[in-house]
Amino acid sequence: MPPPADIVKVAIEWPGAFPKLMEIDQKKPLSVIIKEVCDGWSLPNHEYYALQHADSSNFYITEKNRNEIKNGAILRLTTSPAQNALQLHERIQSSSMDAKLEALKDLASYSRDVTFAQEFINLDGISLLTQMVESGTERYQKLQKIMKPCFGDMLSFTLTAFVELMDHGIVSWDTFSVAFIKKIAGYVNKFATDIAILQRSLAILESMVLNSHDLYQKVAQEITIGQLIPHLQGADQEIQTYTIAVINALFLKAPDDKRQEMANILAQKQLRAIILQHVIRAQRAINNEMAHQLYVLQVLTFNLLEDRVMTKMDPQDQAQRDIIFELRRIAFDAESEPNNSSGNIEKRKSMYTRDYKKLGFINHVNPAMDFTQTPPGMLALDNMLYFAKHHQDAYIRIVLENSSREDKHECPFGRSSIELTKMLCEILKVGELPSETCNDFHPMFFTHDKSFEEFFCICIQLLNKTWKEMRATSEDFNKVMQVVKEQIMRALSTKPSSLDQFKSKLQNLSYAEILKIRQSERMNQEDFQSRPILELKEKIQPEILELIKQQRLNRLVEGTCFRKLNSRRRQDKFWYCRLSPNHKVLHYGDLEESPQGEVPHDSLQDKLPVADIKAVVTGKDCPHMKEKGALKQNKEVLELAFSILYDSNGQLNFIAPDKHEYCVWTDGLNALLGKDMISELTRNDLDTLLSMEIKLRLLDLENIQIPDAPPPIPKEPSNYDFVYDCN
């Protein structure tokens, strides 16, 4: 008799019959179990049948996923994937429009299951769908006027099924014809009012560009920025998101020599202004996927600077040297120059050397040598020239102000500009590929066509101001740069909506304010290190940890919506997991769309008793990270992955939506298992709450010096005659 752990009690449904209660032996082959079920209802040809979960997901049970079956699960006996694929392959070729529409609707639903998808693809189903797309428009064009809604639905379900099938990564994107690409690109214009068709067409174009170099070339010939931009001006944020995703894909896959050309086209089409008006400043919240696409566009735009960052100045290039001459001319208004007679050559060289020193170059004789280091290369000189031309008064003031100071107190404009440009490139990660999970875009960079240059102009004035506030000397250069970086990072963290707002934030972050912030943070981190305070910390720490534990468990009770990830980043597949109020059972199940609030326990079909959990593993130790090679290489996804291991080699795999949710869930699960909560979030919460609690308890001791050690215990007296004797 098999052990109880290998037996799962389930109910199995069959249309027109009462559900059958069965005990499934997980050690038996699945085909044997299906035969037993078929025999119970006297159904012949058991190989034509399969089992599915009875929810709306239409996912087949296979040898690979059968361990996910739980006690009390409701299953359904249904047509096998091979038979179902064969039937749908025939039905979608029906001459009846109604039958064809229903078949395509079913195909779109079933194609989410990889087992069915493999069978349908084996029947050359992808080719059939592409043929329908290529020829379908002409075939039904005459019927459009009388049955336009039916035609639109039919095309929508066809494209949906295609997207779902391709998402499994079974078929290469390189196999598609130019005719198919033309049709999909055409739908972006022809069906601009049909949201479903437009959304799926954009999704297909994005996948083509990202997954095939050859298809990128073909798509780039068929779709123009001018055709995409009108979709950004609509009210549907999902369409806007897919549109920016296609633009990003074209940008990302463009050859190096074509990216600047594409950036120029985007500038001509005023893409930045359109995004600012219709997306960023629209009267609605920006969702995570839109934030990610805006972040990607921001990174790709700044990466155009990489060529200048890695270009060294050629000291022999007269055009480049003329830029330095222009900086000198603007600063000192050098209208009259000594003539080139032999007697004045030395005088002219001496004057140039003096002026280059005032401009703050390291090499006073030949400042071109200052720009031979990469990074920041020629970008630093570009920024200096932009500042001198577009903010001339501020430029002249900074140069003249510093040239009148003592040598050791002057803030060298040239050296500062070079180091600042290098710092800004590091802050904005110029030259790095965009992360697949980051949503950190800055609205202010979409408010100006020369946002990086304007960003530099604001920061170079900040640097000069901070230098004066610190009363710095040349030996303090690195210290000033550290303070300036902190000022910039703190201002950026507030996500200012414009460059002017960023400038205002910096005004409130003077050097004195930075010192106050540092002191406050140091107090939170390092203050109260005396022995009595440390003992107090040890005493109240268990109370704080218990409070954090309860907060984590309460969050698990509320539950979280998790995405299902595969080769495509954007997915419309979700599942939800939450802990029961008594902390004894995890409830989870698939969702059709992202929920707006909490999902009730009774709507989640699957359960996992906490008592059955054996371990919680993270990162590379997760089974789903070992199985999926593509995900294994993705650092961001690895950092968000965790799995629950339970009886019978079962596993429940998670990809957290962000780092905060990852910490909450791993902490909560460890707390359920009686283990320590070790996440970074717990450490931060513990430090914050401990500091607050200690400060509250020490309010009455304000301005009283707390000794580092308790007073010494006096020696025992020679006698105790002073003790009062009651007798």
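Going by the structure above, here's the rest.
Reference entry: report on the structure contained in this document.

Thresholds, definitions, all that
- Residues numbered from 1 in each chain as written.
- Predicted model: local features only at pLDDT ≥ 70, side-chain atom pairs only at ≥ 80, totals over all residues.
- Heavy atoms only, no water.
- Helix = DSSP H or I, 4+ residues; strand = E, 2+ residues; numbered from the N terminus.
- Buried < 20%, exposed > 50% of the residue type's maximum accessible area, 1.4 Å probe, protein only.
- Contact = heavy atoms within 4.5 Å.
- Areas by Shrake-Rupley, 256 points an atom, 1.4 Å probe, with all protein chains shown as cover.
- Phe/Tyr/Trp six-rings, centres within 6.5 Å; stacked < 30°, edge-to-face > 60°.
- Lys NZ or Arg CZ within 6 Å of the ring centre and 35° of its normal.
- Expected span 1.5 Å × (residues − 1).
- Arc of directions from axis to C-beta.
- Core = buried A, V, L, I, M, F, W, Y, C linked by side-chain atoms within 4.5 Å.
- Pairing = 2+ DSSP bridges.
- Axes fitted to C-alpha atoms, helices over the stretch in contact; angles between N-to-C directions.
- Lys, Arg positive; Asp, Glu negative; His and termini not counted.
- Salt bridge = Lys/Arg side-chain N within 4 Å of Asp/Glu carboxyl O.
- Polar contact = N/O pair within 3.5 Å; in protein donor to acceptor, adjacent residues only side chain to side chain.
- Parallel < 35°, antiparallel > 145°, perpendicular 65-115°, else oblique.
- Disulfide = S-S within 2.5 Å.
- Nonpolar A, V, L, I, M, F, W, Y, C, P; charged D, E, K, R; others polar.

**Quick notes on the overall build of the protein**
Consideration 1: The number of helices and strands found in the protein is 30 helices and 11 strands.
Consideration 2: The burial tally for the protein puts 47% of its 727 residues in the buried class.
Consideration 3: Expressed as a percentage of contacts within the protein between residues at least 6 apart in sequence, the contacts between residues at least 24 apart total 67%.
Consideration 4: Surface exposure of the protein reaches about 37,700 Å², of which carbon and sulfur atoms provide 50%.

**Topic: the packing of aromatic side chains**
Consideration 1: In total, this model carries 30 aromatic pairs according to the counting rule given.
Consideration 2: Ring plane angle 75° and centroid distance 5.1 Å describe the contact between F562 and F654, whose orientation is recorded as edge-to-face. Taken as a pair, F562 in strand β5 (residues 560–563) and F654 in strand β11 (residues 650–655) lie far apart in primary sequence, 92 residues in all. Each member of the pair, F562 as well as F654, is classed as buried.
Consideration 3: Grouping aromatic residues by their ring pairs yields a cluster made of F562, W575, Y588, F642, F654, Y662 and W665.
Consideration 4: Cation over ring: K20 sits above W41, and NZ or CZ is 4.9 Å from the ring centre.
Consideration 5: Looking at R415, its charged tip hangs above the ring of F477, at a distance of 3.8 Å from the centre.

**Some points on helix α19 (residues 392–403)**
Consideration 1: The end-to-end C-alpha separation of α19 is 16 Å, in line with the 16 Å expected for 12 residues at 1.5 Å each.
Consideration 2: Those residues of α19 lying buried are A394, Y395, I398, V399 and N402. Along the axis of α19, the buried positions cluster into a sector of 125°, meaning they face one direction only.

**Thoughts on helix α3 (residues 97–110)**
Consideration 1: For α3, spanning 14 residues, the distance from its first C-alpha to its last is 20 Å, which sits close to the expected 20 Å at 1.5 Å a residue.
Consideration 2: Listed as buried for α3 are M97, K100, L101, A103, L104, L107, A108 and Y110.

**Some words on the nonpolar core**
Consideration 1: Among the nonpolar cores identified, the biggest contains 82 residues, and L129 and I275 are the most heavily contacted of them.
Consideration 2: Contacts of I275, omitting those with residues within four sequence positions, involve L232, I244, I280, L294, L297 and F446.

**Description of the sheet that holds strand β8 (residues 606–609)**
Consideration 1: Spatially, the four strands line up as an open sheet ordered β5-β6-β7-β8, and their pairing is antiparallel. The outermost strands of the open sheet, each flanked by one partner alone, are β5 and β8. Each adjacent strand pair in this sheet contributes to an overall mean axis angle of 25°, direction not counted.
Consideration 2: Alignment of β5 against strand β6 (residues 574–579), held across four bridges, turns out to be antiparallel. By the bridge assignment for β6, F562 is matched with W575.

**Some words on the sheet that holds strand β9 (residues 613–618)**
In a beta sheet, neighbouring strands pair by backbone hydrogen bonds and run either parallel or antiparallel.
Consideration 1: Spatially, β9-β10-β11 is the arrangement adopted by the three strands of the open sheet, whose pairing is antiparallel. Strand pairing shows two members of the sheet lacking a second neighbour, β9 and β11, which therefore form its edges. Shown here is a sheet whose adjacent strand axes are inclined to one another by a mean of 15°, direction ignored.
Consideration 2: Direction of pairing for strand β10 (residues 641–646) relative to β11: antiparallel, over a ladder of six bridges. Its bridge partner being in β11, I644 is matched across the sheet by L652.

**Remarks on the side chain of D113**
Consideration 1: One can find D113 in the loop between α3 and α4 (114–122).
Consideration 2: Lacking a salt bridge, the buried D113 has R112 as its closest oppositely charged neighbour, with an N-O distance of 8.9 Å.
Consideration 3: Within the local environment of D113, its side chain forms a polar contact with the backbone nitrogen of F116, the two atoms lying 3.0 Å apart.
Consideration 4: Not counting chain neighbours up to four residues away, the residues in contact with D113 comprise N58, F59, Y60 and H168.

**Here's the deal with the side chain of S416**
Consideration 1: Along the polypeptide, S416 turns up in helix α20 (residues 413–427).
Consideration 2: The exposure class of S416 is buried, given its relative accessible area of 1%.
Consideration 3: Residues in contact with S416, not counting those within four places in the same chain, are C411, I460, L463 and F477.

**With respect to unusual backbone geometry**
Consideration 1: In this model, T374 is joined to P375 through a cis peptide bond whose omega is -15°.
Consideration 2: Following the sequence through the fold, P375 ends up in the loop between α17 (342–358) and α18 (378–390).
Consideration 3: That bond from P375 to P376 is cis: its omega, 10°, falls within 30 degrees of zero.
Consideration 4: Along the chain, the position of P376 falls in the loop between α17 and α18.
Consideration 5: One non-glycine residue, Q270, lies in the positive phi region at around 55°.

**Let's talk about the environment of M132**
Consideration 1: The residue M132 is located in helix α5 (residues 125–139) in this model.
Consideration 2: For the pair M132 and I92, spaced 40 residues apart in sequence, the C-alpha to C-alpha distance is 9.6 Å.
Consideration 3: In contact with M132, other than residues within four places in its own chain, are I92, K100, L104 and T158.

**So, the pattern of salt bridges**
Consideration 1: Counted under the stated rule, the structure contains 23 salt bridges.
Consideration 2: Residue K28 pairs with E36 through a salt bridge whose shortest N-O separation is 2.9 Å.
Consideration 3: For E36, a relative accessible area of 34% corresponds to the partly exposed category.
Consideration 4: A salt bridge links K258 to E261; the shortest N-O distance between them is 3.8 Å. Of the two residues, K258 and E261 are both situated in helix α12 (residues 256–268); the distance of three residues between them amounts to about one turn of the helix.
Consideration 5: Several salt bridges share partner residues, and in doing so they unite R328, R354 and D355 into one network.

**Structural notes on the packing of helix α8 (residues 195–211) against helix α9 (residues 213–222)**
Consideration 1: It is the contact of α8 with α9, at a shortest axis distance of 6 Å, that shows an interaxial angle of 130°. If you check the angle between α8 and α9, you find them oblique. Judged by residue contacts, L205, M208, V209 and N211 of α8 engage H213, L215, Y216 and V219 from α9.

**So, the state of the cysteines**
A covalent bond between the sulfur atoms of two cysteines is what we call a disulfide.
Consideration 1: The final tally for this structure, using the stated rule, is zero disulfides.
Consideration 2: Free of any disulfide, C457 has its nearest neighbouring cysteine sulfur in C459, separated by 9.3 Å.
Consideration 3: Of the residues examined, C457 reaches a relative accessible area of 1% and is grouped as buried.

**What about the pairing of β10?**
Consideration 1: Burial analysis of β10 places five of its six residues in the buried class, which makes it a mostly covered element.
Consideration 2: Judged from the five bridges that link them, β9 and β10 form a sheet pairing that is antiparallel. Bridged to T618 within β10 is F642.

**What to know about the packing of α18 against α19**
What describes two packed helices is the angle between their axes and the distance between those same axes.
Consideration 1: Packing of α18 against α19 leaves a shortest axis separation of 5 Å and a crossing angle of 110°. In terms of orientation, α18 lies roughly perpendicular with respect to α19. Along the contact surface, α18 presents F387, A388, K389 and H390, while α19 presents Q392, A394, Y395 and I398.
Consideration 2: Of the residues in the contact of α18 with α19, the class split is five nonpolar, two polar and one charged.

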